[in-house]
Amino acid sequence: MPWFLTTDRAELKWFTRPPDNYAILSHVWQKGSGPPEQSFQEVQQINFECARTGQNPRELVSAKIRACCVFAGTHGFKLVWIDTCCINQMSSAELSEAINSMFVWYAKATICYAFLDDVCDCETPASPGSSFRRSEWFKRGWTLQELIAPKDVIFLTHAWTPIASKLSIAPTLHEITGIDIEVLLCKTSLEKVSVARRMSWAAGRETTREEDEAYCLMGIFGVYLPTIYGEGREAFIRLQEEIMRRIPDATMFVWGPRGDVVDTTRGYRSVFPTSSGISYIDESCLLATRPSCFTGTSCNFARVPSREFAAVYGISQHSAHFTVSSHGIQAICPIIAFSSGCILLLLPCRETVEDVEMFAALLLRIQSESPPYGIGTRLPFEEPTIPEKTALSFQLTDQVRYRQSHQPVRFVLIPSGFDFTTCLQRPLRETEPSLRRKWKRVYVAYRRQHILCIASPSDISSTSPLFDLRRDASMSGPPYRLYFPKWVVSRLENGGFAVPPEFLEPLLVLNTGARHTLSLSNPSTEEELHIELRTDAPSLPSMSSRSRHRDLGQLWCTATVHDRSVEAVETQVRRWKPTYYDGALTDNNNTVSALTLSDSVEEQADNAGVAQDGFVELWEHEGGCGRKEVYLGRWRLLLAFTRLGECPRRDDPVSSHVYLFDIDLVLA
């Protein structure tokens, strides 16, 4: 139960329950070089000393506590509650009770004084660029509930001068915080506001302890959690788990980058994160890691009733359901599976864009033959690099170079009445079933530990506790057989490179764990091209202990051009067997070959953004052919692997490892 301060003497009083009439203070704790906030123990010690000497404790407490007591006393209040000195933080039980009850205490207060010590009283609060609008008070996590919960809030300047009330400047507060005016005026209850919108209010706010990002939102969602300082980001995961149990609202999952439904489904790729791509790992989870994930993208989504949701997609009426399990979050929702491997999880939430109702759908990504699904993909697109100025005929000419970049996508928006056949990469054959939307039970990853990562060469020695990215040498497969066509030799010689003897051999065989370096030099330019081929065991093992597919060996190719700078590009060939573990789609007869681009950590210039994101893209091509064009210094390098023969059979695993290796190196 709470402690209170008497306004006349600043003495601590214990109450078994909050009194009927009291004032409460909202403020930003003092940081930096200023005087520290007085704690419960310090104020209590002052009370003990004054009881012995007969002094008034109010004269000995800090200036902020004394001014608050005086200001509340002049308004007729006998009791005031201040979080810095009315919570015994040495008691974990009392601290946990206070944090869980704080929203209620602010809501029951007769009045709340919001002390803004960085605001002056010489300007109108609503004026553009005012110190009121820029106040640190609007950037702190705990002050969000302290603004919403009380019915009456009086804003005070650094001189303890009233300048406005919550009721008088509600439109200005809406502009600053994004909180609905109806919520500020207590005309709409928080239960009627979607989870995503409530999260967006906290997206731009900060807390000193990262656990407080979750604890300061408990009252906003009406949930209660035991406080465990030291758990870090786990606190925000626990908050969302508790919200799922209490509030049936799928808007909580609609955060992060969005994409066009047609472009995303047609250009879908299976893109996996690497250990360096923490942001992409987080985007692959169903639950957000912090409130800032809800910045901008989710604030306009609202829940859709089950009857309306069923009518939009022409499905039977059920309620979408989400439950936490050891396999991930169990989601019972309608899904649509496309032949490209793209799967849409339809969510009962929508936003209105230019008077058009748009319904959200998550992109599910297959991780292995067993649950859970990951979320999201990355769509390739070309973007111009910084123009280079070159002297040509005494004139400066812009040479615009384009590089391939990637756009992350977690979810898409589907217009009401949308025709899903426009998302197909090719028309349906007569023998193929039409696209169906049906309710299914699927498991979706919601923690980093649930996300399968693909290792890049720099990850081989990784000891990260979250991801097992080391190669398993026991999972060996057939050797790779590489053919270098004669036109490769001609191209390289025309470029001035001396061709090594290996290119003249009809076949290069690489066993599991082998490394082979092809070195080419250009004497005239003193440039060197090094191509290192190496194989290892898979970094994407099946999560199913019953899996018998142990021939997932990988071929890595690193191409490096040495001149004045060092730049590199990595390509990877993988034999990968995609299977929808829930029975929606299986491919038990064919193994798909894929060409994978993995940008190394050392890569610079054109692919710097990709390397920072840390992801690996699996390219699945008909006929087993894949190619990648990159720029290394002044060179344009084309690496291509083409599988020879037809699609490999299960009884002939060796044929799947025979590739034609093509290299094209020309001036950019």
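Residues numbered from 1 in each chain as written. Predicted model: local features only at pLDDT ≥ 70, side-chain atom pairs only at ≥ 80, totals over all residues. Heavy atoms only, no water.

1. Some points on the overall build of the protein chain
Helix and strand content of the protein chain: 15 helices and 32 strands. When burial is assessed residue by residue, the protein chain has 54% of its 668 residues classed as buried. Considering only contacts in the protein chain between residues 6 or more positions apart, those separated by 24 or more positions represent 66%. Split by element, the accessible area of the protein chain, about 29800 Å² in all, is 51% carbon and sulfur. (Helix = DSSP H or I, 4+ residues; strand = E, 2+ residues; numbered from the N terminus. Buried < 20%, exposed > 50% of the residue type's maximum accessible area, 1.4 Å probe, protein only. Contact = heavy atoms within 4.5 Å. Areas by Shrake-Rupley, 256 points an atom, 1.4 Å probe, with all protein chains shown as cover.)

2. Some details on the pattern of salt bridges
Under the defined criterion, the tally for this structure stands at 20 salt bridges. For the salt bridge of Glu-210 with Arg-233, the shortest nitrogen-to-oxygen distance reads 3.5 Å. Taken together, the residues Glu-210 in the loop between helix 7 (195-201) and helix 8 (212-215) and Arg-233 in the loop between helix 9 (218-221) and helix 10 (234-246) connect sequence positions 23 residues apart. We note a salt bridge from Arg-258 to Glu-351, for which the minimum N-O separation is 2.5 Å. Residue Arg-258 is located in strand 8 (residues 258-260), and its partner Glu-351 is located in strand 13 (residues 343-353); the two are separated by 93 residues in the primary sequence. With a relative accessible area of 31%, Arg-258 lands in the partly exposed category. By relative accessible area, Glu-351 is classed as buried at 5%. Residues participating in the shared-partner salt-bridge network are Glu-210, Glu-213, Arg-233 and Arg-290. (Salt bridge = Lys/Arg side-chain N within 4 Å of Asp/Glu carboxyl O.)

3. Focus on the pairing of strand 14 (residues 356-365)
Of all the 10 residues making up strand 14, 8 are buried; the element is thus mostly covered by neighbouring parts of the structure. With 8 bridges joining them, strand 13 and strand 14 adopt antiparallel strand pairing. What sits directly across from Arg-350, in strand 14, is Phe-359. Joining the antiparallel neighbours strand 13 and strand 14 is a turn of 2 residues, in which Glu-354 adopts a positive phi near 50°. Sheet topology note: the strand 14/strand 20 (residues 411-415) ladder contains 5 bridges and is antiparallel. Across the sheet, the residue bridging to Ala-361 is Val-412, located in strand 20. Here strand 14 pairs with strand 15 (residues 374-375) via 2 bridges, running antiparallel. What sits directly across from Arg-365, in strand 15, is Gly-374. (Pairing = 2+ DSSP bridges.)

4. Comments concerning a nonpolar patch on the surface
Side chains of Tyr-483, Leu-507 and Val-509 sit close together on the surface and give an oily, nonpolar patch of about 220 Å² of accessible area. For Tyr-483, the position within the fold is in strand 22 (residues 480-483). We classify Tyr-483 as partly exposed; its relative accessible area is 32%. (Patch = residues over 30% accessible without salt bridge, like charges linked within 9 Å, V, L, I, M, F, W, Y side chains within 5 Å.)

5. Focus: the confidence of the model for the protein chain
Mean pLDDT over the protein chain stands at 78; residues scoring 70 or higher make up 72%. Considering only residues more than four positions removed or in separate chains, one finds that residues 564-613, a stretch of pLDDT under 50, has 176 contacts. In this model, residues 618-624 is a region of pLDDT below 50 whose contacts with residues beyond four sequence positions or in other chains number 26 contacts. (pLDDT = per-residue confidence, 0-100.)

6. Focus on the sheet that holds strand 2 (residues 12-14)
Ordered in space as 2-1-4-3-5-6-7, the 7 strands form an open sheet in which the pairing is mixed. Whereas interior strands pair on both sides, the edge strands pair on one side only; in this sheet they are strand 2 and strand 7 (162-165). This sheet shows a mean twist of 35° between the axes of neighbouring strands, independent of strand direction. Here helix 3 (residues 92-108) sits on the sheet in contact with strand 1 (3-6), strand 3 (23-26), strand 4 (79-81) and strand 5 (111-115), set at roughly 105° to strand 3. (Axes fitted to C-alpha atoms, helices over the stretch in contact; angles between N-to-C directions.)

7. Let's talk about the nonpolar core
Formed by 117 residues in total, the largest nonpolar core has its most connected members in Leu-5, Phe-155, Leu-217, Leu-239, Phe-253 and Leu-347. Not counting residues within four places of it along the chain, the set of residues in contact with Leu-347 comprises Ala-250, Phe-253, Val-254, Phe-309, Phe-322, Cys-333, Ala-360, Ala-361 and Leu-362. Core analysis: the next-biggest nonpolar cluster, separate from the first, contains 25 residues, Tyr-268, Ile-336, Phe-359 and Ala-361 among them. (Core = buried A, V, L, I, M, F, W, Y, C linked by side-chain atoms within 4.5 Å.)

8. So, the packing of aromatic side chains
Within this structure, the stated rule accounts for 22 aromatic pairs. Taking the centre distance of 5.2 Å and the plane angle of 90° together, the rings of Trp-137 and Phe-138 count as edge-to-face. Using a relative accessible area of 1% as the deciding quantity, one classes Trp-137 as buried. A relative accessible area of 8% means that Phe-138 is categorised as buried. Consider the rings of Trp-137 and Phe-155, whose centres lie 5.7 Å apart with planes at 90°: the pair is edge-to-face. Here Phe-155 lies in strand 6 (residues 153-156) and Trp-137 lies in the loop between strand 5 and helix 4 (142-148), a separation of 18 residues in the sequence. By relative accessible area, which is 0% here, Phe-155 ends up buried. Ring-pair connections join several aromatic residues into one group, and the members of that group are Phe-309, Tyr-313, Phe-359, Phe-418, Phe-420 and Trp-439. Positioned over the ring face of Tyr-280 is Arg-378, at 4.5 Å from the centre of the ring. Cation over ring: Arg-410 sits above Trp-255, and NZ or CZ is 3.8 Å from the ring centre. (Phe/Tyr/Trp six-rings, centres within 6.5 Å; stacked < 30°, edge-to-face > 60°. Lys NZ or Arg CZ within 6 Å of the ring centre and 35° of its normal.)

9. Overview of the environment of Tyr-443
Along the chain, the position of Tyr-443 falls in strand 21 (residues 438-444). Of note is the side chain of Tyr-443, whose polar atom sits 3.0 Å from the side chain of Gln-330. (Polar contact = N/O pair within 3.5 Å; in protein donor to acceptor, adjacent residues only side chain to side chain.)

10. Some words on the side chain of Lys-64
Within the secondary structure, Lys-64 is located in helix 2 (residues 63-74). In terms of polar contacts, Lys-64 uses its side chain to reach the side chain of His-27, at 2.9 Å. For Lys-64, the contacting residues outside a window of four places in its chain are Leu-25, His-27, Val-28, Gln-30, Glu-37, Phe-115 and Trp-160.

11. Here's the deal with the side chain of Gln-367
Among the structural elements, Gln-367 can be located in the loop between strand 14 and strand 15. At 3.0 Å, the side chain of Gln-367 and the backbone oxygen of His-450 are in polar contact.

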